[in-house]
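# Remarks on the overall topology
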Amino acid sequence: MWLFFTIATTLIWGLAELFYKKGARPDEKYAHLKICVLVGAVMGIHAIFTLLFMDIDYDPINLIKYLPVSMLYIVSMAFSFFGMRFIEESISDPIENTSGALCSLLCVIFLKETISAPSVAAILVIVVGIVGIGFLENHGATARHKKLGRKMAIIAFIMPFMYAILDAVGSFLDVFYLEDVSSTPLVNVTEETIENVANTSYEITFAIFGLVLFIYMCIRGVKFNIKTQRDKALAAVCETAGQLTYVYAMSGNGAIAAPIISSVCVVSLLLSRIFLREKLTRKQYIFISLVIIGILALAVIEGE
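Our subject in this report is the structure included herewith. (Residues numbered from 1 in each chain as written. Predicted model: local features only at pLDDT ≥ 70, side-chain atom pairs only at ≥ 80, totals over all residues. Heavy atoms only, no water.)

## Considerations on the overall build of the chain
The line we're drawing: The helix count covers DSSP runs of H or I at least four residues long, the strand count covers runs of E at least two residues long, and both are numbered beginning at the N terminus. Our radius of gyration looks at C-alpha atoms and nothing else; its globule reference is 2.2 Å times the residue count to the power 0.38. Partly exposed describes any residue whose relative accessible area lies between the buried limit of under 20% and the exposed limit of over 50%, with all areas from a 1.4 Å probe on protein chains only and scaled to the type maximum.
Scanning the chain from N- to C-terminus turns up 13 helices and 0 strands. Along its sequence from the N terminus, the chain presents helices and strands in the succession α-α-α-α-α-α-α-α-α-α-α-α-α. Relative to its length of 304 residues, the chain is compact, with a C-alpha radius of gyration of 19 Å against a globular reference of 19 Å. Dimensions of the chain, computed from C-alpha atoms along their principal axes, come out at roughly 55 × 55 × 35 Å. When burial is assessed residue by residue, the chain has 48% of its 304 residues classed as buried.

Right under this line is the structure:
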């Protein structure tokens, strides 16, 4: 069954990226905040379901203890949603998926872990791809700076990198929280419940974050008609459903599941090309392909 959940996770998260992009309309000023609200709402519902029907013996203090990791993930997603309003999904998603490579580098630097030569080669391929994409962005390969203005174009292009950095730091901190039950900052957890406790803490925090944003938009007089937010809602549902299947996928055979799930950026690229009609230059596709190849290679190497 782990293979079924692995494939399901990859497809569901690929769909989530598609709906995120469709919902992050550039002409809708608060689109990224509305997405955060809806993701928080769906995650909050799932957290309540977990607390009511799963025996994880949840201690509310874990909400505070896991807060640094939760906020890194949440803020990284907010940056991502903002960037999606202006950057093609075909470009932003591969850049965001480099968070795994950044996390590996953090483990090497701070935990003194060793990294193999093939992993170094895969990371270099990713770096070459990202540098190439950045060069084309800033040397006339796109007309984004003409549409948005140079300052806004730069800010928008930075957003996927902000996501990758913050998500990588969050994943790095998860090593301390989830690797060893005996040393985790979380309380009242076991080997069987630690991941669900962490995920529930994250979902509750996201729900609170979404509620705060909703109140903020109400104060600002922002119209929020749920009937017109179908794509955002579908993205939120897919995001949360993907998290659920991800737990079961990784619990079965994580070494094989991880590289398969990493191919979500390929699924996202294909869906964006088919349904969003995103058109990039040949050079852009070449450098994006390098990033994707590097990500998949690194996932396979590290999963062995």
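There's plenty left to go through after this.
## Concerning the pattern of salt bridges
Worth spelling out the cut-off: Salt-bridge detection follows one rule: a side-chain nitrogen of Lys or Arg within 4 Å of a carboxyl oxygen of Asp or Glu.
Applying the stated rule across the entire model yields 4 salt bridges. Ionic pairing is found between E28 and K34, a salt bridge with its closest N-O pair at 2.8 Å. Between E28 and K232 there is a salt bridge; the shortest N-O distance is 3.0 Å. On the criterion of sequence distance, the pair formed by E28 in the loop between α1 (2-23) and α2 (31-53) and K232 in helix α11 (residues 230-262) is long-range, its members being 204 residues apart. With a relative accessible area of 11%, E28 lands in the buried category. Taken together, the shared-partner salt bridges in this structure form one network comprising R25, E28, K34 and K232.

## Quick look at the side chain of S119
For the record, the criterion: Identification of polar contacts relies on pairs of N or O atoms within 3.5 Å, with a donor-acceptor requirement for protein atoms, meaning one able to donate a hydrogen and the other able to accept it, and with residues adjacent in sequence counted only if both atoms are side-chain atoms.
Following the sequence through the fold, S119 ends up in helix α7 (residues 117-137). Of the polar contacts made by the side chain of S119, one reaches the side chain of S116; its length is 3.1 Å.

## Here we look at the nonpolar core
Cut-off, in case you're wondering: The definition of a nonpolar core used throughout is a set of buried Ala, Val, Leu, Ile, Met, Phe, Trp, Tyr and Cys residues joined through side-chain atoms within 4.5 Å.
Of all hydrophobic cores here, the largest spans 37 residues; its most connected members are Y20, V39, Y66, F81, Y202 and F206. Looking at this core, the elements with two or more residues in it are α1, α2, α4 (67-84), α9 (150-178), α10 (194-219) and α11. Counting 22 residues, the second-largest nonpolar core is a separate cluster that includes I91, I126, M159 and I292.

## A closer look at the packing of aromatic side chains
Put simply, the rule reads: Ring pairs shown here join Phe, Tyr and Trp side chains whose ring centres sit within 6.5 Å, with only the six-membered ring taken for Trp; geometry is labelled stacked below 30 degrees between planes, edge-to-face above 60, and tilted in between.
What the rule picks out here adds up to 13 aromatic pairs. Their ring planes at 70° and their centres at 5.4 Å tell us that F157 and F161 sit as a pair that is edge-to-face. Highlighted residues: F157 and F161, both in helix α9, separated by 4 residues, approximately one helical turn. For F157, a relative accessible area of 10% puts it in the buried group.

## Some details on the packing of helix α5 (residues 89-96) against α9
Condition: For helices, the fitted line uses only the C-alpha atoms of the stretch in contact; every axis is such a line through C-alpha atoms, and the angle between N-to-C directions lies from 0 to 180 degrees. Throughout this description, any angle smaller than 35 degrees is read as roughly parallel, any larger than 145 degrees as roughly antiparallel, any in the 65 to 115 degree range as roughly perpendicular, and the remainder as oblique. Rotating anticlockwise by less than a right angle from the far helix to the near helix defines a left-handed crossing, while the corresponding clockwise rotation defines a right-handed one. Residues are treated as being in contact if the distance between any of their heavy atoms lies within 4.5 Å. Each residue is assigned to one of three groups, with Ala, Val, Leu, Ile, Met, Phe, Trp, Tyr, Cys and Pro labelled nonpolar, Asp, Glu, Lys and Arg labelled charged, and all others, Gly among them, labelled polar.
For the pair α5 and α9, the least separation of the axes is 8 Å and the interaxial angle reads 25°. By the angle between their axes, α5 is roughly parallel relative to α9. Crossing geometry of α5 relative to α9 is assigned as right-handed. Residues I91, S92, I95 and E96 of α5 form the contact with α9, whose own contacting residues are F157, P160, F161, Y163 and A164. Along the lines of polarity and charge, the residues of the contact of α5 with α9 split into 7 nonpolar, 1 polar and 1 charged.

## Looking at the packing of α5 against helix α12 (residues 264-275)
The geometry of α5 relative to α12 is characterised by a closest axis approach of 9 Å and an angle of 175° between their N-to-C directions. Comparing the axis directions of α5 and α12 gives the class roughly antiparallel. On α12, the residues that touch E89, S90, D93 and P94 of α5 are V264, C265, S268, L269 and S272. Looking at the contact of α5 with α12 residue by residue, the class counts come to 4 nonpolar, 3 polar and 2 charged.

## So, the side chain of K21
Considering the arrangement of structural elements, one finds K21 in helix α1. Given a relative accessible area of 15%, K21 falls into the buried group. A polar side-chain atom of K21 sits 2.6 Å from the main-chain carbonyl oxygen of I87. Residue contacts for K21: discarding those within four places in its chain leaves M84, R85, F86, I87, E88, E89, L276 and E278.

## As for unusual backbone geometry
Peptide bonds are trans in most cases, and residues, glycine excluded, mostly fall at negative phi. Despite not being glycine, D57 has its phi angle at roughly 50°, a positive value. Structurally, the position occupied by D57 is in the loop between α2 and α3 (61-65). One non-glycine residue, N188, lies in the positive phi region at around 55°. Secondary-structure assignment places N188 in the loop between α9 and α10.

Spatial relationships are all this shows, so hold off on functional conclusions.
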